[in-house]
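The chain contents come next:
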Amino acid sequence: MGIESGSGDTKEMNDHASLRRELGSEDIAFVNDINTQIGDLVEGSPAIEHEYILGDISDYSISSNGHGHFDLVHEDSSLHCVIFRSRVDKLQNDIEQGILAAVSGDISYYESEGSVSILVRDIIAVGQGIYQQTYQENKQTLAESGYLDESAKQSLPYLPKHIGIATSGDSDARQDAVTSIHDQYPDINITVQDTSVQGNNALVSLMDAISSLDDNARIKLIILTRGGGAEKHLRVFNEIPLCRVIHETTTPIVVGVGHETDRTLAGAVADTRVMTPTEVGKTVPEKDGLQEELERLSADLNHAYTNTVKQAIEQKHDRLNSAYDRQVTDELRSVSNRLNTAYETVKQQKAHERERAKMIKPYERTIQRQRLIIGVLSILLVVAIILITGNI
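Rules used in this analysis
Residues numbered from 1 in each chain as written. Predicted model: local features only at pLDDT ≥ 70, side-chain atom pairs only at ≥ 80, totals over all residues. Heavy atoms only, no water. Helix = DSSP H or I, 4+ residues; strand = E, 2+ residues; numbered from the N terminus. Rg over C-alpha atoms; globule rule 2.2 N^0.38 Å. Buried < 20%, exposed > 50% of the residue type's maximum accessible area, 1.4 Å probe, protein only. Contact = heavy atoms within 4.5 Å. Areas by Shrake-Rupley, 256 points an atom, 1.4 Å probe, with all protein chains shown as cover. Lys, Arg positive; Asp, Glu negative; His and termini not counted. Charge placed at Lys NZ, Arg CZ, Asp CG, Glu CD. Phe/Tyr/Trp six-rings, centres within 6.5 Å; stacked < 30°, edge-to-face > 60°. Lys NZ or Arg CZ within 6 Å of the ring centre and 35° of its normal. Pairing = 2+ DSSP bridges. Axes fitted to C-alpha atoms, helices over the stretch in contact; angles between N-to-C directions. Expected span 1.5 Å × (residues − 1). Arc of directions from axis to C-beta. Salt bridge = Lys/Arg side-chain N within 4 Å of Asp/Glu carboxyl O. pLDDT = per-residue confidence, 0-100. Core = buried A, V, L, I, M, F, W, Y, C linked by side-chain atoms within 4.5 Å.

Peer 1: Just to check I follow, could you spell out the overall build of the protein chain for this structure?
Peer 2: The helix and strand inventory of the protein chain stands at nine helices and ten strands. In summary, the protein chain has a C-alpha radius of gyration of 56 Å against a globular reference of 21 Å for 392 residues, an excess of more than 25%. Taking the principal axes of the C-alpha coordinates as reference, the protein chain spans close to 210 × 55 × 40 Å. A total of 392 residues make up the protein chain; the buried ones form 30% of that total. Taking as baseline every contact in the protein chain between residues at least 6 positions apart, the subset at least 24 positions apart corresponds to 64%. Total accessible area on the protein chain stands at roughly 25200 Å², and carbon and sulfur atoms take up 53% of it. Across the protein chain, the 37 positively charged side chains and the 59 negatively charged ones have centroids separated by 32 Å.

Here it is in structure tokens:
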């Protein structure tokens, strides 16, 4: 189909004419022209006009201009819905994440973005959403299997030297996680295992990435992370097979998926959950803080060592002095006792000798007299013999 200028602008007509000649075709169009045609087809087609459109409500939020936004999701398809500010207060009580809702409104095509939205007039909650029901069923299955028990969770290593991160290799989440870890402790080694985090092959890719990191003996901690996104893009993190792989890892594992308000079953099964990729760094200690703590402990240790040695020396000195005093005192007491005993013995001996001397003295005088008498008699006997011999 050829495009004719509706503005009558001579320059635009000349541009079209020049491009037709250059391309050798009369059938050319700019993007805005195509979007205008698509908008005319979409908004004017009775084939896609329905009183109600059904799907699960996902990712409801209020924009800065006060309009409400959410996605209406069914299976792998979604339509963006807009509630104008004037109707938000009236309808927001009927909006609940995950419910199955019937939405009435006008199909609108935004030409500048090339996107289709529903301009919502009314919302009727008609039951639990299919995915919300699946989520609850999966959660119940995991709970019955013990995967959600605190006793099933491993403690994280205090300072892992090597960390493995399973995430999209070219994502902001990867950069945020690596930066947050190295901001805390720059010396930690990091291995990034590239994986799909959404789409048809995400489940198998995530399971393979975690298993590969778990098989690496050097890795002491695994981080599974991705940034925020639409609720439908995070659904893979609620799948039972992925949760089973997380539960069965021998390496402690941390899950940080989405924004602060996002909750996934993978995070519930993991040994620890962090709210965002940026908070992954909280799983390791801060090096500067450790250095300060080390210096404080070193100073405390030196102080304690000095005090202990000083106290030990003082105690030994006191014990030596006490032992010395006891030894000298005992020795002096022993010597004193021996001297006293010897003195008493000598004293007794002297007294005994004096008594003995007193008793022996009379006998000694008697013996002296007897000796004197014997001597005299001996002399007399000799004289007598001489005299007798002379007379003969």
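Peer 1: Explain the packing of aromatic side chains here, please?
Peer 2: How two aromatic rings sit relative to each other is set out by the distance from centre to centre and by the angle between their planes. Across all of its chains, the model carries one aromatic pair by this definition. Geometry around Tyr131 places Arg235 over its ring, the cationic atom sitting 4.1 Å from the centre.

Peer 1: How do you make sense of the sheet that holds strand β8 (residues 221-226) when you look at a structure like this?
Peer 2: The pairing of strands in a sheet happens through backbone hydrogen bonds and is either parallel or antiparallel. Strand order in the open sheet made by the five strands is β7-β6-β8-β9-β10, with parallel pairing throughout. At either end of the open sheet lies a strand with only one pairing partner, and these are β7 (189-194) and β10 (272-273). In this structure, strand β9 (residues 253-257) lies alongside β10, joined through two bridges in parallel fashion. Considered in β10, the bridge of Val254 is made with Thr272. In this fold helix α6 (residues 202-215) packs onto β6 (162-167), β7, β8 and β9, with an angle of close to 160° to the strand it touches most, β8.

Peer 1: Whenever I open this one, unusual backbone geometry confuses me. Can you help?
Peer 2: Leaving glycine out, the prevailing phi sign among residues is negative, and the prevailing peptide bond configuration is trans. Unlike most non-glycine residues, Asp59 shows phi in positive territory, near 60°. Within the element layout of this structure, Asp59 appears in strand β1 (residues 53-62).

Peer 1: Honestly, helix α7 (residues 240-248) in this entry has me stumped. Any pointers?
Peer 2: The α-helix advances 3.6 residues per turn, and as a result positions three or four apart in sequence lie on the same side. Among the residues of α7, those classed as buried are Ile240, Leu242, Cys243, Val245 and Ile246. Where the residues of α7 are buried, they touch α4 (130-144), α6, β8, β9 and α8 (265-269).

Peer 1: Explanation requested: α4 in the structure shown.
Peer 2: For α4, spanning 15 residues, the distance from its first C-alpha to its last is 21 Å, which sits close to the expected 21 Å at 1.5 Å a residue. Tyr131, Tyr135, Asn138 and Leu142 are the residues of α4 that are buried. Looking straight down α4, one finds its buried side chains confined to an arc of 70°; they lie on one side. For α4, the elements touching its buried residues are β1, α7 and α8.

Peer 1: I would appreciate a short explanation of the pattern of salt bridges in the present structure.
Peer 2: For side chains bearing opposite charge, pairing can occur when the charged atoms are close. Counting across every chain of the model gives four salt bridges. With its nearest N and O atoms 3.8 Å apart, the salt bridge here joins Lys282 to Glu279. The salt bridge partner of Asp300 is Arg296, with a shortest N-O separation of 2.9 Å. Taken together, the residues Asp300 and Arg296, both in helix α9 (residues 287-391) and four residues apart, mark about one turn of the helix.

Peer 1: Teacher, can you tell me more about the confidence of the model for the protein chain here?
Peer 2: Close reading of the predicted structure is inappropriate where its pLDDT is low. Chain-level statistics for the protein chain give a pLDDT mean of 85 and a share of 95% at 70 or above. Within the model, the stretch residues 1-8 combines pLDDT values under 50 with 14 contacts to residues more than four positions away or in other chains.

Peer 1: For this particular structure, what's the right way to read the nonpolar core?
Peer 2: Burial of nonpolar side chains together is a common tendency in soluble globular proteins. Ranked by internal contacts, the top residues of the largest apolar core, which has 29 residues, are Leu142, Leu206, Ile210, Leu224, Phe237, Ile246 and Val255. Every element with two or more residues in this core is listed here: α4, α6, β8, α7, β9 and α8. Leave out the neighbours within four places in its chain, and Leu206 touches Thr195, Ser196, Val197, Leu224, Val236, Phe237 and Leu242. Among the nonpolar cores identified, the runner-up in size contains 18 residues, and Ile53, Ile83, Val120 and Ile123 belong to it.

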